[in-house]
Amino acid sequence: MNVVLVTVDSLRADHCSSYGYDRETSPTLDALAAEGLAVDAYANANATRASFPSILTSTYPLAYGGFDYLSDRRTMLGTPLQRAGYATGGFHSNVWLSRDFNYDRGFDRFYDSKSDPGPMARLRTFLKTNLDQDGLVYRALQSVYDRTERQAGIDVGQTYKDAETITDRALEWIDGAEEPFFCWVHYMDVHHPYVPRPAYAAEMGVDVSIGEREAIRLRRKMLERPDDVTEAERQVLVDLYDAEIRYADEQIGRLVDSVRASTGETAFLCTSDHGEEFYEHGGYSHNPSMYEEVIHVPLVLAGAGIEDRGPGSADRPDVDVELLDVAPTVHDLAGVGSPGTYRGRSVLDRVASGESATVISETENDDGLRLAVRRDGWKLIWDQGAGTEELYDLDADPGEHEDVVGREPDVRGDLRARLEEHVEELATTNESLPEVRMDAETERRLKDLGYLE
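Residues numbered from 1 in each chain as written. Predicted model: local features only at pLDDT ≥ 70, side-chain atom pairs only at ≥ 80, totals over all residues. Heavy atoms only, no water.

This next bit is on unusual backbone geometry. Between glutamate 179 and the following residue, proline 180, the backbone shows a cis peptide bond with an omega angle of 5°. A positive phi angle is found at tyrosine 279, which is not glycine, with a value near 70°. Mapped onto the fold, tyrosine 279 is located in the loop between strand 7 (277–278) and strand 8 (284–285). Accessibility expressed as a relative area gives 33% for tyrosine 279, which makes it partly exposed. (Helix = DSSP H or I, 4+ residues; strand = E, 2+ residues; numbered from the N terminus. Buried < 20%, exposed > 50% of the residue type's maximum accessible area, 1.4 Å probe, protein only.)

As structure tokens, then:
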């Protein structure tokens, strides 16, 4: 049986209509959920770079030396499939997931868009390569670029390939691939900068009249001066975000329809690496937040091998899964065993057992580790660098507005002990990783996405 894994960058669950959102942002995902299964999934990290090791290798982000580079000791989900006779393809345009960082392992065909930049991006790469970056000419040109984006709102260069392009690449490969095949497709459109898509907004009954220049200026403001974003501007950002979801969802529909029309039995798994915040806790984007708007993501299964469980959110099983479960689920659907290093469990097994995952989410920055554990309706967030803890009763306070760490010492103690145990477990896999020297184009694209300053 063929398996297609679709991941949508920055897609939070509560902005999908099949998860109760009041806008019809995701008709394709809704239809897949209605014929198959939708579950509440939780990310093991709060940003793409940290999250994808959990998705593609079912290992924690900070294991094996961390997520700066994908250790060879992590087994990519495509490798067991290749050994079982599957053709494997991966298609995306997020440079953190490029072959430079060892993500091409396990794929017969791997497209990361690095060899296909736009003309303006090629010009910027040429300038970075051929001019002294500390020299007056280069600094003047960089200043012009930054000022142009802030003031005129022009996004100079190309940050990622749009969903239509990625879908085209994937379908071109699928059309020539021998079955069975596994295909991973990752869409970047829902990640900021949000491109105004008035036609898709109109399909949801939303009027998006903002132009691209103003959208880029507003994006700069949300990242650099979040406290200055007005309520009206916040709503514009939400409208832009929702329209991007609708656009990406349409391309998922094109992918699903084309695959079903031209291939044999196929299972589809659709999810996200993390969500996005819109000032619910004082910020925008998704880093370093560990709140629900960033951690809670959709996970939808449909197609061959998946039991029909009724219409979407109304009958969503009362079980929590985590992104560590994605790779074991793919292997389960393909009838292929998972390696012993995997830390997750097939979603189908979790649903059948009714046993929710204890979800540990983690990341690391210059100040130290930031971790969260979600179990039995409670969440503890522990910021080692700041020396702070937050505890939330998610059943009573799903929006995480009331920190009860001082009122629930026993719960806090149990969850803190689990995190301390987890940190000790991470140390047992530690190793030194090679340092990746980024080329000028990679660095520029990461800056444009807000990953680097």
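Back to the write-up after that little detour.
A few words on the nonpolar core. If you look at the biggest cluster of nonpolar residues, it comprises 56 residues, and the most contacted ones within it are Phe181, Cys183, Tyr187 and Leu255. Tallying contributions element by element places helix 9 (residues 231–262) first for this core, with 12 residues. Discounting chain neighbours no more than four positions away, the residues touching cysteine 183 are Val3, Val4, Leu5, Gly89, Phe91, Ala170, Trp173 and Ile174. Val39, Ala41, Ala43 and Ala267 belong to the second-largest nonpolar core, a separate cluster that totals 41 residues. (Core = buried A, V, L, I, M, F, W, Y, C linked by side-chain atoms within 4.5 Å. Contact = heavy atoms within 4.5 Å.)

Considering all chains together, one arrives at 32 salt bridges under this definition. Arginine 416 serves as the salt-bridge partner of glutamate 420, at 2.9 Å between the closest nitrogen and oxygen. One end of the pair, glutamate 420, and the other, arginine 416, are both in helix 13 (residues 409–427), four residues apart, so they sit about a helical turn from each other. Taking the shortest distance from any N to any O, the salt bridge between glutamate 421 and arginine 418 comes out at 3.8 Å. Pair noted here: glutamate 421 and arginine 418 are both in helix 13, with a separation of three residues, about one helical turn. Connected through salt bridges with shared partners, the residues Glu292, Asp320, Arg374, Lys379 and Glu400 form a single ionic network. (Salt bridge = Lys/Arg side-chain N within 4 Å of Asp/Glu carboxyl O.)

In this section: the packing of aromatic side chains. All told, the structure shown has 14 aromatic pairs when counted by the stated rule. Each ring, one from phenylalanine 107 and one from phenylalanine 110, has its centre 5.6 Å from the other, and the planes form 35°; the classification is tilted. Residue phenylalanine 107 shares its accessibility class with phenylalanine 110, and that shared class is buried. Where tyrosine 194 meets tyrosine 241, the ring centres are 5.8 Å apart and the plane angle is 70°; that geometry is what we call edge-to-face. Of this pair, tyrosine 194 sits in the loop between strand 5 (181–187) and helix 7 (198–203) while tyrosine 241 sits in helix 9, and the two are 47 residues apart along the sequence. The class of tyrosine 194 is buried, set by a relative accessible area of 4%. (Phe/Tyr/Trp six-rings, centres within 6.5 Å; stacked < 30°, edge-to-face > 60°.)

A word on the pairing of strand 6 (residues 266–271). Counting buried positions over the six residues of strand 6 gives six, a clear majority of the element. Here strand 6 shows two buried faces, one formed by Thr266, Phe268 and Cys270 and the other by Ala267, Leu269 and Thr271. As paired elements, strand 1 (residues 2–8) and strand 6 share six bridges and run parallel to each other. From the neighbouring strand, asparagine 2 faces strand 6, where its bridge partner is threonine 266. Here strand 6 runs beside strand 9 (residues 296–303); their pairing, made up of five bridges, is antiparallel. Paired with phenylalanine 268 across the strands is alanine 302, a residue of strand 9. (Pairing = 2+ DSSP bridges.)

Between helix 1 (residues 27–35) and helix 9, whose axes approach to 7 Å, the crossing angle comes to 50°. It follows from the interaxial angle that helix 1 and helix 9 lie oblique. Each of Pro27, Thr28, Leu29, Leu32 and Glu35 in helix 1 lies in contact with helix 9, whose residues at this interface are Arg246, Asp249, Ile252, Gly253, Val256 and Arg260. For the contact of helix 1 with helix 9, the class distribution of residues is five nonpolar, two polar and four charged. (Axes fitted to C-alpha atoms, helices over the stretch in contact; angles between N-to-C directions. Parallel < 35°, antiparallel > 145°, perpendicular 65-115°, else oblique. Nonpolar A, V, L, I, M, F, W, Y, C, P; charged D, E, K, R; others polar.)

Purely geometric numbers; function is a separate question.
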